[in-house]
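Residue-level structural notes
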Amino acid sequence: HTALPDVSTVRYVFWRIKFRLLNRLSGFHLLTSNRNTLESLRGFLSESSLRGIPVAYSGIDGDEIRQALESRSDQVTLRQRFGLPATAFLVFALGQFIERKGCVTLLEAAATLREERPDLFYIWVGTDQLSADGQHQIESSGVADRFRYVSGSELGADRQALLSLLRLADLFVLPSLKEGLPLALLEAMALGKACIASNINAIPEALHDGTNGRLVPPGDAGALAEEISELASNDALRDRFAANGQQTVTEQFDERITAETTLAYYETCWDDRG
């Protein structure tokens, strides 16, 4: 799912030997979930081996997305439930509230925009309860009054509750420093949300800068702030990115496509057993 990291020369040689030995075994097969991960195997495996590895992208559950889009959930009630301002422009992020996911970058971008864009309000939907360190980061950011952390326990286990909340977003951001191709981004695009994400790893395989969203350098709070401000001010551009992003995910990143690719490869692997 995620590309192999850069490693020392000694570890690189060790991994290369290990991969090549494993690849000689008749029962050893590889499947990657994006091309960035596949490319990271270059050097560890032969070119002929790489050509035989299929890519089965992470996929959205189309039925879940359609159910969320067809839902008549009361957005006013949802805003009230989570304490979100009635008229603010809502910028959403989703994931663990840790530096690798870009929480610091987003807080810095929000602080940069505090005076220029007082209409912006930020929501981070996390998986766990907010840690003491995370709470301190928010409180010391200068934008605690415009930032809301929503924990997984507040939402519960119902996937529709998460997707319904995400539908409130005017803009979705994914400021991660390292990623594979996160489902959170694909679901936001599938829900018709304009997105800004870091230009890293496999993200550009789904989000194409200037066509269906914006890419920014990882860790660059200034660039992120600039793009948030631009999209918050440009309804037409935001709508174009939203529509194009939704089409991209619907056509290329549905889990049924992933399943077909994976099952076809399983059949090939089984046939190779002789």
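Read on for an overview of the structure. All residue numbers refer to position in the chain's written sequence, counted from 1. Restriction of local features to residues with pLDDT of at least 70 applies here, the model being predicted, together with a cutoff of 80 or more for giving and counting side-chain atom pairs; totals for whole chains, interfaces and linings are based on all residues. As a rule here, side-chain values come from all non-hydrogen atoms in the structure, and water together with hydrogens is ignored.

Some points on the pattern of salt bridges
Basic side-chain nitrogens of Lys or Arg form a salt bridge, by our definition, when they fall within 4 Å of a carboxyl oxygen of Asp or Glu. Applying the stated criterion to the full structure yields 14 salt bridges. The salt bridge involving Arg-114 is made with Asp-145; its shortest N-O contact spans 2.9 Å. One end of the pair, Arg-114, is in the loop between α6 (103-112) and β2 (120-125); the other, Asp-145, is in the loop between α7 (132-139) and β3 (147-150), with 31 residues separating them in the sequence. Exposure categories follow from relative accessible area, calculated using a 1.4 Å probe and restricted to protein chains: below 20% of the type maximum is buried, above 50% is exposed, and the middle band is partly exposed. Taking relative accessible area as the criterion, Arg-114 reaches 22% and is therefore assigned partly exposed. We classify Asp-145 as exposed; its relative accessible area is 51%. The partner of Asp-209 in a salt bridge is Arg-214, with the nearest N and O atoms 4.0 Å apart. With relative accessibility at 43%, the residue Asp-209 sits in the partly exposed group. On the accessibility criterion, Arg-214 (18% relative accessible area) is buried. Within the structure, one salt-bridge network assembled from shared partners comprises Asp-209, Arg-214, Glu-227 and Glu-230. Secondary structure counts use DSSP, requiring at least four H or I residues in a row for a helix and at least two E residues in a row for a strand, with both numbered from the N terminus.

Observations concerning the nonpolar core
Nonpolar cores were defined as sets of buried Ala, Val, Leu, Ile, Met, Phe, Trp, Tyr and Cys residues, with membership established by side-chain atoms within 4.5 Å. Counting 50 residues, the largest nonpolar core has Phe-92, Phe-172 and Leu-185 as the members making the most contacts within it. Elements with a contribution of two residues or more to this core: α4 (62-70), β1 (89-94), β2, α9 (159-166), β4 (171-174), α10 (183-190) and β5 (195-198). Take this core: its biggest share by element is 6 residues, from α10. Between two residues, a contact is recorded if the distance between any of their heavy atoms is within 4.5 Å. Among all residues touching Leu-185, those that are not within four sequence positions of it are Phe-172, Leu-174, Cys-195, Ala-197, Ile-203 and Leu-207.

Things to note about the pairing of β1
β1 sits mainly inside the fold: 5 of its 6 residues count as buried. Where β1 lies against β2, 6 bridges are found, and the strand directions are parallel. Paired with Val-91 across the two strands is Tyr-122, which belongs to β2. Considered for its hand, the β-α-β crossover made up of β1, α6 and β2 is right-handed. Should DSSP find at least two bridges between two strands, the strands are regarded as paired. Note on handedness: a crossover is taken as right-handed if, strands pointing away from the viewer, the path from the first strand over the helix to the second is clockwise.

Topic: the packing of aromatic side chains
Two aromatic rings from Phe, Tyr or Trp, using only the six-membered ring of Trp, form a pair when their centres are within 6.5 Å; if the ring planes differ by under 30 degrees the pair is stacked, by over 60 it is edge-to-face, and anything between is tilted. The full count for this structure, using the stated rule, is 7 aromatic pairs. Note on Phe-97 and Trp-124: the rings are 5.1 Å apart at their centroids and 85° apart in plane angle, and the pair reads as edge-to-face. Within this pair, whereas Phe-97 is found in the loop between β1 and α6, its partner Trp-124 is found in strand β2, the two being separated by 27 residues in sequence. Residue Phe-97 is classed as buried on the basis of its relative accessible area of 10%.

Points about the packing of α10 against helix α12 (residues 235-252)
Axes, fitted as lines to C-alpha atoms, cover a helix only where it is in contact. Angles between the N-to-C directions of the axes lie from 0 to 180 degrees. As a packed pair, α10 and α12 sit with axes 7 Å apart at the nearest point and diverge in direction by 120°. Regarding the angle of α10 to α12, the classification is oblique. Remark: the crossing between α10 and α12 carries left-handed chirality. Contact with α10, carried on its side by Leu-186, Met-189 and Ala-190, involves Ala-242, Gly-245, Gln-246 and Val-249 of α12 and no other residues of that element. Its residues placed into classes, the contact of α10 with α12 shows 5 nonpolar, 2 polar and no charged. We call two directions roughly parallel when the angle between them is under 35 degrees, roughly antiparallel when it is over 145, roughly perpendicular when it lies between 65 and 115, and oblique otherwise. A clockwise turn of the near helix away from the far one marks a right-handed crossing, whereas an anticlockwise turn of less than a right angle marks a left-handed crossing. When residues are grouped by polarity, Ala, Val, Leu, Ile, Met, Phe, Trp, Tyr, Cys and Pro land in nonpolar, Asp, Glu, Lys and Arg in charged, and all others, Gly among them, in polar.

Any functional reading would require information that these geometric values do not contain.
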